[in-house]
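Summary of structural features
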Amino acid sequence: MEFDQWAGSDAGMQSVIPYAPYVYKIPAAEFLLTFLVGNRHLYIWVVRPANKSWVDIESFLACFSRALDVHDDRYEGRRDQEMLLDSFERARTIANETLDAASSGF
């Protein structure tokens, strides 16, 4: 499974060179790790890459969604669909803010 800048791997998913500046690996066992933002729990590996200016967030989110399905036997617990959608929304917001800051020179 490959989504331009991101691809699934036996261990989870990773960025793809030359579309990314380096290989950024995310192990499937960590897919459902969460953190608290305000009063909302979000999936950390959905949100964390969004603040990197080189990340194509839509490619990342498509690959992450597929990797969740492919590796459902490699992570503990069950995904929370509402939390996943909230995480996607937050990631898109961060990615847009990151791109805006990068294009303005800040």
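My aim in this report is to walk through the structure given alongside it, one point at a time. A quick note: this is a predicted structure, and the numbers were derived from the prediction, not measured.

Thresholds applied
Residues numbered from 1 in each chain as written. Predicted model: local features only at pLDDT ≥ 70, side-chain atom pairs only at ≥ 80, totals over all residues. Heavy atoms only, no water. Helix = DSSP H or I, 4+ residues; strand = E, 2+ residues; numbered from the N terminus. Rg over C-alpha atoms; globule rule 2.2 N^0.38 Å. Buried < 20%, exposed > 50% of the residue type's maximum accessible area, 1.4 Å probe, protein only. Contact = heavy atoms within 4.5 Å. Areas by Shrake-Rupley, 256 points an atom, 1.4 Å probe, with all protein chains shown as cover. Lys, Arg positive; Asp, Glu negative; His and termini not counted. Charge placed at Lys NZ, Arg CZ, Asp CG, Glu CD. Polar contact = N/O pair within 3.5 Å; in protein donor to acceptor, adjacent residues only side chain to side chain. Phe/Tyr/Trp six-rings, centres within 6.5 Å; stacked < 30°, edge-to-face > 60°. Lys NZ or Arg CZ within 6 Å of the ring centre and 35° of its normal. Core = buried A, V, L, I, M, F, W, Y, C linked by side-chain atoms within 4.5 Å. Expected span 1.5 Å × (residues − 1). Salt bridge = Lys/Arg side-chain N within 4 Å of Asp/Glu carboxyl O.

Let us now look at the overall build of the chain. A count of helical and extended segments in the chain gives three helices and six strands. Along the chain direction, N to C, the helices and strands of the chain fall in the order β-β-β-β-β-β-α-α-α. Scaling as 2.2 N^0.38, a compact globule of 106 residues should have a C-alpha radius of gyration of about 13 Å, and the chain matches this with 14 Å. Based on the C-alpha atoms only, the size of the chain along its principal axes is roughly 45 × 35 × 15 Å. Across the 106 residues that make up the chain, the buried fraction comes to 38%. At a minimum sequence separation of 6, the contacts of the chain that also span at least 24 residues come to 58%. Just so you have it, the chain exposes about 6,200 Å², and 49% of that area is on carbon and sulfur atoms. In the chain, the 10 positive side-chain charges and the 16 negative ones have mean positions that sit 3 Å from each other.

Let's shift gears to unusual backbone geometry. Residues Ile17 and Pro18 are joined by a peptide bond in cis, for which omega reads 15°. Along the chain, Pro18 turns up in the loop between β3 (12–15) and β4 (25–27).

Here His71 lies in the loop between α2 (57–70) and α3 (81–104). At a separation of 3.2 Å, a polar atom in the side chain of His71 contacts the main-chain carbonyl oxygen of Gly12.

This structure, assessed with the given rule, holds ten aromatic pairs. For the pair Tyr22 and Tyr24, a centre-to-centre distance of 6.4 Å together with 50° between the ring planes defines the contact as tilted. For Tyr22, a relative accessible area of 38% corresponds to the partly exposed category. Taking NZ or CZ as reference, Arg48 lies 4.8 Å from the ring centre of Trp45, over its face.

With 30 residues, the main nonpolar core has Trp6, Met13, Phe31, Val46, Ile57, Phe60 and Phe64 as its most contacted residues. Of all the secondary structure elements, the ones that give two or more residues to this core are β6 (40–43), α1 (44–47), α2 and α3. In terms of residue count, the dominant contributor to this core is α2 (seven residues). Residues within four places of Met13 in sequence aside, it is in contact with Trp6, Ala7, Gly8, Tyr24, Lys25, Ile26, Phe31, Phe60, Cys63, Phe64 and Ala67.

Let's shift gears to α2. Over its 14 residues, α2 runs 20 Å from end to end, which matches the ideal 20 Å to within 8%, given 1.5 Å per residue. All of the buried residues in α2 are Ile57, Ser59, Phe60, Leu61, Cys63, Phe64, Ala67 and Leu68. N-capping of α2 is provided by Asp56, with a side-chain oxygen placed 3.2 Å from the backbone N of Glu58.

With respect to the helices and strands, the residue Pro27 is situated in strand β4. Judged by its relative accessible area of 31%, Pro27 falls in the partly exposed class. When the C-alpha positions of Pro27 and Arg74 are compared, they lie 9.1 Å apart, and in sequence the two are 47 residues distant.

Tallying each qualifying case throughout the model produces two salt bridges. Note that Asp69 is salt-bridged to Arg79, the shortest N-O span being 2.8 Å. Of this pair, Asp69 sits in helix α2 while Arg79 sits in the loop between α2 and α3, and the two are ten residues apart along the sequence. With a relative accessible area of 29%, Arg79 lands in the partly exposed category.

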